[in-house]
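Each chain, written out:
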Amino acid sequence: RIMMSGEMMQQAIKLTQENDDELVARIAARDHGAMRLASDRYTNMVWRVAYRMLGDAAEAEDIAQESLLKLWNHADRWNAGGPGIAPWLKKVTVNQCLDRLRRKRFASDEEVPEREDETPLADRQMEAVETGQAVKDCIETLPDRQRAAVILTYYEEQPNQGAAETLDMQLKAFESLLFRARSSLKGCVERKGVVAQGG
């Protein structure tokens, strides 16, 4: 295996960026092949984010199609040299999921109260229990933006700065949101009787 030097890594990142800009330029010119390529490349990622946010495969499929349609419809407004297609699509997807969750809540009038629990959840505990059904259930009870923060940070492995940008938040505000989300999650998981290993 050949290790990439820092310089090669930078070139690879630059190449990906240029490819993204070039791809969107082709999409803006209504190149169906370019759109198919973007679709092949990003549909799974978009579906995964939507499914984790909504917990419904069919709805996640709708969101994935809508997000890619937005790329097709807004390609002519693309800002070259930006973060790239993947972060842009994640942002569009999260916003659509938040809208859908708001509409659902408004329709059902079922407000989940936000529980204040200031106990911090250690990262290793989070990792130890994040795969369980109990955690999945608990994530679904979180307020929408807290749910998005947890999914972007722990499942999509976005750094805090990137996740904050996806949610249009300042870093400090995002970190506070994530702290509250982790605290609520810890309280919920403990109430379900799941004990994190090593804690």
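Whatever comes next refers back to the structure up there.
Residues numbered from 1 in each chain as written. Predicted model: local features only at pLDDT ≥ 70, side-chain atom pairs only at ≥ 80, totals over all residues. Heavy atoms only, no water.

Caption draft 1: Representation of the side chain of aspartate 20 in the model. Positionally, aspartate 20 belongs in helix H1 (residues 6–28). We note that aspartate 20 is buried and unpaired, the nearest opposite charge coming from arginine 41 at a distance of 4.0 Å. Within the local environment of aspartate 20, its side chain forms a polar contact with the backbone nitrogen of isoleucine 85, the two atoms lying 2.8 Å apart. Not counting the four nearest positions on each side in its chain, aspartate 20 is found in contact with Arg41, Tyr42, Gly84 and Ile85. (Helix = DSSP H or I, 4+ residues; strand = E, 2+ residues; numbered from the N terminus. Buried < 20%, exposed > 50% of the residue type's maximum accessible area, 1.4 Å probe, protein only. Lys, Arg positive; Asp, Glu negative; His and termini not counted. Salt bridge = Lys/Arg side-chain N within 4 Å of Asp/Glu carboxyl O. Polar contact = N/O pair within 3.5 Å; in protein donor to acceptor, adjacent residues only side chain to side chain. Contact = heavy atoms within 4.5 Å.)

Caption draft 2: Structural view of the layout of surface pockets. The volume enclosed by the largest pocket comes to roughly 360 Å³. Grouping the constituent residues of the lining of the largest pocket by class yields seven nonpolar, seven polar and four charged. (1 Å grid on protein atoms, 1.4 Å probe; cavity = no way out; pocket = protein on both sides within 12 Å on 5 of 7 lines; lining within 4 Å. Points joined across faces, edges and corners; volume = space filled by probe spheres on them. Nonpolar A, V, L, I, M, F, W, Y, C, P; charged D, E, K, R; others polar.)

Caption draft 3: Region of interest: the state of the cysteines. The tally for this structure, following the rule as stated, stands at one disulfide. Disulfide partner of cysteine 138: cysteine 188, at an S-S distance of 2.0 Å. Taking the sign of the S-S torsion, about -80° here, the bridge from cysteine 138 to cysteine 188 comes out left-handed. You can see cysteine 138 sitting in helix H6 (residues 133–141) and its partner cysteine 188 sitting in helix H9 (residues 171–191), a full 50 residues away along the chain. Grouping residues by exposure puts cysteine 138 and cysteine 188 together as buried. (Disulfide = S-S within 2.5 Å.)

Caption draft 4: Structural detail: the packing of helix H7 (residues 144–155) against H9. The contact between H7 and H9 brings their axes to 9 Å, and the two run at 95°. Classified by the angle between their axes, H7 and H9 sit roughly perpendicular to one another. Across the interface between the two elements, Arg145, Gln146, Ala149, Val150, Thr153 and Tyr154 of H7 pack against Phe174, Leu177, Leu178, Arg180, Ala181, Arg182, Ser184 and Leu185 of H9. Here the contact of H7 with H9 is composed, by residue class, of eight nonpolar, three polar and three charged. (Axes fitted to C-alpha atoms, helices over the stretch in contact; angles between N-to-C directions. Parallel < 35°, antiparallel > 145°, perpendicular 65-115°, else oblique.)

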